[in-house]
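# Analysis of the macromolecular model
Spelled out from the first residue to the last, the chains are:
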Amino acid sequence: MDHFSYIGGQLHCEATPMSAIADSVGTPCYVYSRATILHHYDRLADAFSSLNPLICYSIKSCSNLAIIKLLKDRGAGMDLVSGGELFRAMQAGVDPANCVYAGVGKTDVEIRQSLQAGVGWFNVESEAEFENIAEIARELNIPCKVALRINPDVDPKTHRYTTTGKKESKFGVDIDRARAFFRTYGHDDLCKLTGIHLHLGSPIYTAEPYVSAITKVLGLIDQLAADAANPVTIDMLDLGGGFGADYETDQSPAASDYAGEIVPLLKARVEQGLQIVIEPGRSIMANAGVLLVRVLYMKTSGDKTFAICDGGMNTLIRPCHYDAFHFIWPTKVESAHIPPSRAKQMDLEGLIPMDVVGPICETGDFFGIDRPLPPLQRGDLLTVFSAGAYGMVMASRYNSMPLPAEVLIDDQTVHVIRRRETYDDLVAHERHGVGTPAEVEHAHGVNT
Ligand SMILES: Cc1ncc(COP(=O)(O)O)c(C=O)c1O
């Protein structure tokens, strides 16, 4: 469920017409619905409430400070994968103790900053990384809590680029190697290795991969506790993220469907003191955000019709990077063209198949190929739905396109939470190479 709907043929985000957002902020622009974000957070919190989990929002999915703060105020901790994300979390007022920090390539600087900030858990991905964190912790004399990211060799049946829990992946440590890992490092005085972290991939559209990974890991937890020579008690299990989103209507199980299968596996363990963490990103943000673009030109080429928009792969790379489907529809339509759902097949009269593409100099620059759409003309606004996760965070300045604006809608109020970049922003970090604008003008004989 989200708060993007057609009222009188005009797409609204909550009570705000998308056309009004385009008029005031311009395009391309990311539009997020505050009510949808909170609803998605709450439905996860409700579904898993009997496990009393720490819900660590995965900042990587949409890292705007206003979104982080909104979720922190609702009770979320944060899932981090870099020093930059720790910085963002702290700027938004998040207590680092409510953060988990994963990532295969943590630098010494990032580790030092995280120790000094008091990050809740380091989710460690290799022996070498554990040894490095332990050495830096000793140098600073700061204790920390560590979870081992285990690779349970479960296939989440998702895109190969976002499959992370299989044996061949660069993430985590094989479950077969985990016992040796705990035997070697499980009794470090400063780096308390008492947690297990999983993240299988994303998006995962059934509970089954979680069930098989959790079942494997519970077996390991029991083995570790029963190791007579070196018993280790695991007191934290982080299940990661990966819960699906509705790129097509009703594509994803409800939060309660995932929880219905996961909770019974863990309830008794939680009662015995196991802390559960989940790290949702996409399931909160994907359907809570859309990308608003404007049609610059209509064009035909051979049998093809193209709608050329003012944003493309530079604003949303998922279609060309993951071959991802995003429903695309005009923000203003006749009543016959109000979409009954967001699906790949649209069975309405008068639609025209077209490629919806961007301005970037790449043939791979598209949002959708052969999409049946209502007739379009120059100046029309198009909405690319379900773009709130892994949208803006993966946007680039390729072709020297300034990054889009981001707005957070609260009923009728439009909060600009990131202003559109300017050309000055584009070159701000390169100025030192050529001098200030005044020096450049002087050097080129301009204004002299
Ligand atoms: C370690 C970890 N946790 C959580 C997530 C969030 O996944 P999702 O956005 O699918 O919930 C990711 C995504 O890549 C991840 O790598």
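Residues numbered from 1 in each chain as written. Predicted model: local features only at pLDDT ≥ 70, side-chain atom pairs only at ≥ 80, totals over all residues.

## Regarding the environment of Tyr205
Relative to the elements of secondary structure, Tyr205 occurs in the loop between strand S11 (191–197) and helix H8 (208–226). For Tyr205, a count of 17 C-beta atoms within 10 Å puts it in the partly exposed group. Setting aside residues no more than four positions away along its own chain, Tyr205 makes contact with Gly244, Gln251, Ser252 and Pro253. (Helix = DSSP H or I, 4+ residues; strand = E, 2+ residues; numbered from the N terminus. Buried ≥ 20, exposed ≤ 12 C-beta atoms within 10 Å, placed from the backbone. Contact = placed C-beta atoms within 7 Å.)

## With respect to the domain arrangement of the chain
Under the domain assignment, the chain is made up of domain 1 (4–13 + 22–26 + 286–427) and domain 2 (34–284). The gap between the C-alpha centroids of domain 1 and domain 2 is 33 Å. Across the boundary between the two partners, domain 1 contributes 26 residues, which contact 20 residues of domain 2. Where the side of domain 1 that touches domain 2 is concerned, the elements lending two or more residues are strand S20 (405–410) and strand S21 (413–418). Element by element, the count of residues in the side of domain 1 that touches domain 2 is highest for S20, at 4 residues. For the side of domain 1 that touches domain 2, the class distribution of residues is 14 nonpolar, 7 polar and 5 charged. (Domains from an automatic or database assignment. Nonpolar A, V, L, I, M, F, W, Y, C, P; charged D, E, K, R; others polar.)

## Some thoughts on the environment of Phe325
Examined against the element boundaries, Phe325 turns out to sit in the loop between helix H11 (318–322) and strand S16 (328–330). Using a count of 19 C-beta atoms within 10 Å as the deciding quantity, one classes Phe325 as partly exposed. In the structure, Phe325 is positioned 181 residues away from Cys144 in sequence and 41 Å away in space, judged by C-alpha atoms. The residues contacting Phe325, other than those within four sequence positions of it, are Tyr247, Glu248 and Lys344.

## What about the confidence of the model for the chain?
Per-residue pLDDT for the chain has a mean of 95; in total, 96% of the residues score no lower than 70. The weakest mean pLDDT in the chain belongs to helix H14 (residues 437–443) at 71; the strongest belongs to strand S4 (residues 29–33) at 99. (pLDDT = per-residue confidence, 0-100.)

## Quick notes on helix H6 (residues 127–140)
Its 14 residues give H6 an end-to-end C-alpha distance of 20 Å, which sits within 8% of 20 Å, the value for a rise of 1.5 Å per residue. For H6, the full list of buried residues reads Glu129, Phe130, Ile133, Ile136 and Ala137. For H6, the angular spread of the buried residues around the axis is 135 degrees, confining them to a single face. For H6, the exposed residues lying more than 90 degrees away from the buried face are Ala128 and Glu139. Summarising the contacts, the buried residues of H6 are in contact with helix H5 (108–117), strand S8 (121–124), strand S9 (144–151), helix H7 (175–185) and S11. Backbone geometry just after H6 places Asn141 at a positive phi near 55 degrees. (Expected span 1.5 Å × (residues − 1). Arc of directions from axis to C-beta.)

## Observations concerning the pairing of strand S13 (residues 275–278)
Regular strands show a simple pattern: their side chains alternate between the two faces of the sheet. Relative to S13, strand S5 (residues 54–58) runs parallel, the two sharing 2 bridges. Within the sheet, the bridge partner assigned to Leu54 lies in S13 and is Val277. Two strands pair when backbone bridges link them, and strand S12 (residues 236–238) and S13 are joined in this way by 3 bridges, in the parallel orientation. Following the sheet pairing, Met236 is matched in S13 by Gln275. (Pairing = 2+ DSSP bridges.)

## Regarding unusual backbone geometry
Omega for the bond connecting Thr27 with Pro28 falls within 30 degrees of zero, at -5 degrees, which places this linkage in the cis form. With respect to the helices and strands, Pro28 occurs in the loop between helix H1 (18–25) and S4. Residue Pro203 is reached from Ser202 by a cis peptide bond, and omega for that bond is -10 degrees. With respect to the helices and strands, the residue Pro203 is situated in the loop between S11 and H8. With phi around 45 degrees, Asn52 is a residue other than glycine that occupies positive phi space. Following the sequence through the fold, Asn52 ends up in the loop between helix H2 (34–47) and S5. Here Asn52 falls in the exposed class, since 10 other C-beta atoms lie within 10 Å of it. The residue Asp370 is not glycine, and still its phi comes out positive at about 50 degrees. Relative to the assigned elements, Asp370 resides in strand S18 (residues 366–373). Overall, Asp370 belongs to the exposed group, with 10 C-beta atoms counted inside 10 Å.

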